[in-house]
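For reference, the chains in residue letters:
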Amino acid sequence: MTVYLAIAGVFALMGGIIYYASLDNVGLELVEIELTNVKLKEINTVNNQAKFDVTFLVKNPSDKTLTVSQIDYQLYGDGKLLGKGIYSTADIALPGRALFYSGAEIPLKNIFVLSKSETNSELYEDAINERFVSFFVEGKITTQTSWSETDKDFKTGY
């Protein structure tokens, strides 16, 4: 009987830990992300690639301290899909990442690489000649606390 009570106690403790971790999910889902800038950084004529600095402003309106582990996004220029990009700090331990305290607003920069191909040569030329008037992104942001992780879909542009 004692063994059964010990096993039940372990399961109750595990359930309590899972419940406690889920309390952070509400705060994590409040995170706000905004595309603030897309700027041409470098053109490599040998490889037919252009690099762009993509800047996101991430805001934490909740009372939980969090980190951003990943931002998966698709970048559009004047409504035309330029490609997919990813900002990731997944290989950095949680204590080494930028902390978003309550009310914090931190810009996160990422390098987006656009390669020229037969199917997108016109888009590539428009991009390197800075002819796009507006940019738009849609994607998913992954936020974490020490106990929990949440994904949130977003759409933003300027």
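Reference entry: report on the structure contained in this document. (Residues numbered from 1 in each chain as written. Predicted model: local features only at pLDDT ≥ 70, side-chain atom pairs only at ≥ 80, totals over all residues. Heavy atoms only, no water.)

With that out of the way, let us pick up the overall build of the chain. Looking only at helices and strands, the chain has three helices and seven strands in total. Listed N to C, the secondary structure of the chain is α-α-β-β-β-β-β-α-β-β in terms of helices and strands. The C-alpha atoms of the chain give a radius of gyration of 21 Å, which is well past the 15 Å a tight globule of 158 residues would have. Structurally, the chain occupies a C-alpha span of about 75 × 30 × 25 Å along its principal axes. If you take every contact in the chain between residues at least 6 apart in sequence, the share linking residues at least 24 apart comes to 65%. Accessible surface, the chain as shown: approximately 9,400 Å² in total, 55% of it carbon and sulfur. A gap of 3 Å separates the mean positions of the 14 positive and 20 negative side-chain charges of the chain. (Helix = DSSP H or I, 4+ residues; strand = E, 2+ residues; numbered from the N terminus. Rg over C-alpha atoms; globule rule 2.2 N^0.38 Å. Contact = heavy atoms within 4.5 Å. Areas by Shrake-Rupley, 256 points an atom, 1.4 Å probe, with all protein chains shown as cover. Lys, Arg positive; Asp, Glu negative; His and termini not counted. Charge placed at Lys NZ, Arg CZ, Asp CG, Glu CD.)

Right, let's talk about the nonpolar core for a bit. Within the largest apolar cluster, 31 residues are counted, with the highest numbers of intra-cluster contacts made by Phe56, Ile71, Tyr73 and Leu75. Contributions of two or more residues to this core are made by β1 (32-44), β2 (49-59), β3 (67-77), β4 (80-88), β5 (105-115), α3 (121-128) and β6 (135-144). Take this core: its biggest share by element is five residues, from β2. Apart from the residues lying within four places of it in its own chain, the contact partners of leucine 75 are Val38, Val54, Lys80, Leu81, Leu82, Gly83, Phe112, Phe135, Phe136 and Val137. (Core = buried A, V, L, I, M, F, W, Y, C linked by side-chain atoms within 4.5 Å. Buried < 20%, exposed > 50% of the residue type's maximum accessible area, 1.4 Å probe, protein only.)

Read from one edge to the other, the open sheet built from three strands follows the order β1-β2-β5, with strand pairing classed as antiparallel. At either end of the open sheet lies a strand with only one pairing partner, and these are β1 and β5. Going from strand to strand, the sheet's axes swing by 20 degrees on average, the running direction of each strand aside. As judged from the eleven bridges shared by β1 and β2, these two strands associate in the antiparallel manner. Opposite lysine 39, over in β2, you have aspartate 53 as the bridge partner. (Pairing = 2+ DSSP bridges. Axes fitted to C-alpha atoms, helices over the stretch in contact; angles between N-to-C directions.)

What follows covers a nonpolar patch on the surface. A cluster of nonpolar side chains, Val3, Ile7, Val10, Phe11 and Met14, forms an exposed patch at the surface whose accessible area comes to about 490 Å². Among the secondary structure elements, isoleucine 7 is positioned in helix α1 (residues 2-22). A relative accessible area of 42% places isoleucine 7 in the partly exposed class. (Patch = residues over 30% accessible without salt bridge, like charges linked within 9 Å, V, L, I, M, F, W, Y side chains within 5 Å. Salt bridge = Lys/Arg side-chain N within 4 Å of Asp/Glu carboxyl O.)

All chains considered together, the criterion is met by six aromatic pairs. Judged by centre distance (6.3 Å) and plane angle (85 degrees), the rings of phenylalanine 56 and phenylalanine 154 are edge-to-face. Residue phenylalanine 56 is located in strand β2, and its partner phenylalanine 154 is located in strand β7 (residues 149-157); the two are separated by 98 residues in the primary sequence. Taken individually, phenylalanine 56 and phenylalanine 154 each receive the classification buried, so the pair is uniform in this respect. Look at tyrosine 73 and phenylalanine 112: their rings are 6.4 Å apart centre to centre, the planes differ by 40 degrees, and that puts the pair in the tilted class. One end of the pair, tyrosine 73, is in strand β3; the other, phenylalanine 112, is in strand β5, with 39 residues separating them in the sequence. Residue phenylalanine 112 is classed as buried on the basis of its relative accessible area, which comes to 2%. Chaining the aromatic ring pairs together yields one cluster made of Phe56, Tyr73, Phe112 and Phe154. (Phe/Tyr/Trp six-rings, centres within 6.5 Å; stacked < 30°, edge-to-face > 60°.)

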